[in-house]
Amino acid sequence: MKSNNRIKLDWKQLVGFNQTQQGKDSVKKAKAVLAAKIGGKPVEAKD
Amino acid sequence: MRSRLADSLRYIFAQGDGQLDVPKARAEEFLLRLEQQPISPLAFSFYGDSVLAIEDDDIEGASRLLNELIALPSQTGETQVIPLGDPKRDPVAERYARVLNEDPSVPFEIFPPSADTVSSCRAQIRDALALLDAGDPALAGEVRALLRQIILGAGSKDPKAMTFDGASSFMLWGAIIINAERRDGAIGMTQMLAHESAHNLLFGFSADESLVENTPDELFSSPLRKDPRPMDGIYHATFVTARMYRVVRQLLESGVLDAAAKEKAEKDLVENARLFKQGIETVWKHAKLTPLGESVMRGASDYMVAAA
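Rules used in this analysis
- Residues numbered from 1 in each chain as written.
- Chains lettered and ligands numbered in written order.
- Predicted model: local features only at pLDDT ≥ 70, side-chain atom pairs only at ≥ 80, totals over all residues.
- Helix = DSSP H or I, 4+ residues; strand = E, 2+ residues; numbered from the N terminus.
- Rg over C-alpha atoms; globule rule 2.2 N^0.38 Å.
- Buried ≥ 20, exposed ≤ 12 C-beta atoms within 10 Å, placed from the backbone.
- Contact = placed C-beta atoms within 7 Å.
- Expected span 1.5 Å × (residues − 1).
- Pairing = 2+ DSSP bridges.

Chemist: In this structure, what is going on with the overall build of chain B? I would like to understand it.
Modeler: The secondary structure content of chain B amounts to 11 helices and six strands. Computed over the C-alpha atoms, the radius of gyration of chain B is 20 Å, within 12% of the 19 Å expected from 2.2 N^0.38 for a compact globule of 308 residues. With respect to the principal axes defined by its C-alpha atoms, chain B has extents near 65 × 45 × 40 Å. In chain B, buried positions account for 47% of the 308 residues. Expressed as a percentage of contacts within chain B between residues at least 6 apart in sequence, the contacts between residues at least 24 apart total 75%.

Structure representation (structure tokens):
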């Protein structure tokens, strides 16, 4: 449910969301960087 | 990290006072517990989702997520090996699976492993930790200090589907997910543990500031993936490859490996050196490193140069 009273968050007070410069602009953009690191060995879609 | 998480949650509760529906006494009890004892790695996923819900003005959703967060149990200091449940039926398993699927460019499914697979993988982890205790006790200590959970999953049986060997996420800090169907033996598992725990180490380093400043849409060739990746991923892959090289070298030099293990280790050492070289060339050429990112990668690079 959407709220009419926005809670404002300062990125400097968040953990992990400021991992990138993008996090300073928008925590949502930082989500891309928070995505999992997947691998361990080469992985690929096999055609 | 737990202390930082507690501080950030206190800030969020203060900012949302009067709007977030989270019982204050229960929240404070949780924060004190969080500062004193290990907590489930799921805490970071609930935290991250709560922040995103607040940013989306979904206060009801954020309140629900924060209530789930403060209900998480504490953990022992031991590293637990836990088979993934069925993401279609088990909400905890669904949360682990969803965190791994946050990257829309790499859609893949994760499944619960069979009992036989779990048994085999547990044995590989046990043997790998025994090798580390004997041949690289510093790394063994680091792995146990960083990892609260090793989640065992299984990949898709579809030969055309994307699969995985291992995965880590800031949103599951303190946990790694490994494909229990891998058959790379104890030497392979030592590298897997070194690799995935190193991702967690980098997540910890970068909790408050970035390592690279390249934008996520700048893509480069990765030493560990066939698909082009953002520099953040290249940076991680390069750093963890140095860690894989280091553990193999330590085990070889310690004299704890038998002939068969030594043969595999020597091959892996060469391959890890090749992959690191590929990655570090891309990093030095294209990465916009922060001072922290430069310092961390310089340490790995200096080690690899000295070891060559």
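Chemist: I would appreciate a short explanation of helix 9 (residues 231-254) of chain B in the present structure.
Modeler: Within an α-helix, residues lying three or four positions from one another point in the same direction, as the helix has 3.6 residues per turn. All names here are of chain B. Along its 24 residues, helix 9 runs 35 Å from first to last C-alpha, staying within 8% of the 34 Å computed at 1.5 Å per residue. A large share of helix 9 lies buried, amounting to 19 of its 24 residues. Downstream of helix 9 by a residue or two, Gly255 has a phi angle that is positive, lying close to 80°.

Chemist: What am I meant to see in the environment of Lys88 of chain B here?
Modeler: Relative to the helices and strands, Lys88 of chain B is located in the loop between strand 1 (80-83) and helix 5 (91-100). For Lys88 of chain B and Thr282 of chain B, which are 194 residues apart along the polypeptide, the C-alpha to C-alpha distance reads 40 Å.

Chemist: Explanation requested: unusual backbone geometry in the structure shown.
Modeler: Backbone geometry follows two general trends: most residues other than glycine have a negative phi, and most peptide bonds adopt the trans configuration. Although it is not a glycine, Asp57 of chain B sits at a positive phi angle of roughly 60°. Tracing the backbone through its elements, the reader meets Asp57 of chain B in the loop between helix 3 (42-55) and helix 4 (59-70).

Chemist: I'm lost on the pairing of strand 2 (residues 149-153) of chain B in this one. Help?
Modeler: Along any regular strand, the residues point their side chains to alternate faces of the sheet. Residues and elements named next belong to chain B. Most of strand 2 is tucked away, with five of its five residues classed as buried. Looking at chain direction, strand 1 and strand 2 are connected through four bridges and run parallel. Across the sheet, residue Ile82 finds its bridge partner in strand 2, namely Ile151. In the sheet, strand 2 pairs with strand 4 (residues 175-179) via five bridges, with the strands oriented parallel. The residue bridging Ile151 from the neighbouring strand is Ile177, located in strand 4.

Chemist: How should the pairing of strand 4 of chain B be read in this particular structure?
Modeler: Residue and element names in this part refer to chain B. For strand 4, a buried count of five out of five residues is recorded, marking the element as mostly surrounded by other parts of the structure. Where strand 3 (residues 166-168) meets strand 4, two bridges bridge the pair, whose relative direction is antiparallel. In the strand pairing of strand 4, Gly166 is matched with Ile178. Connecting strand 3 to the antiparallel partner strand 4 that follows it, the hairpin turn spans six residues, and Gly174 within it adopts a positive phi of roughly 100°.

Any functional reading would require information that these geometric values do not contain.
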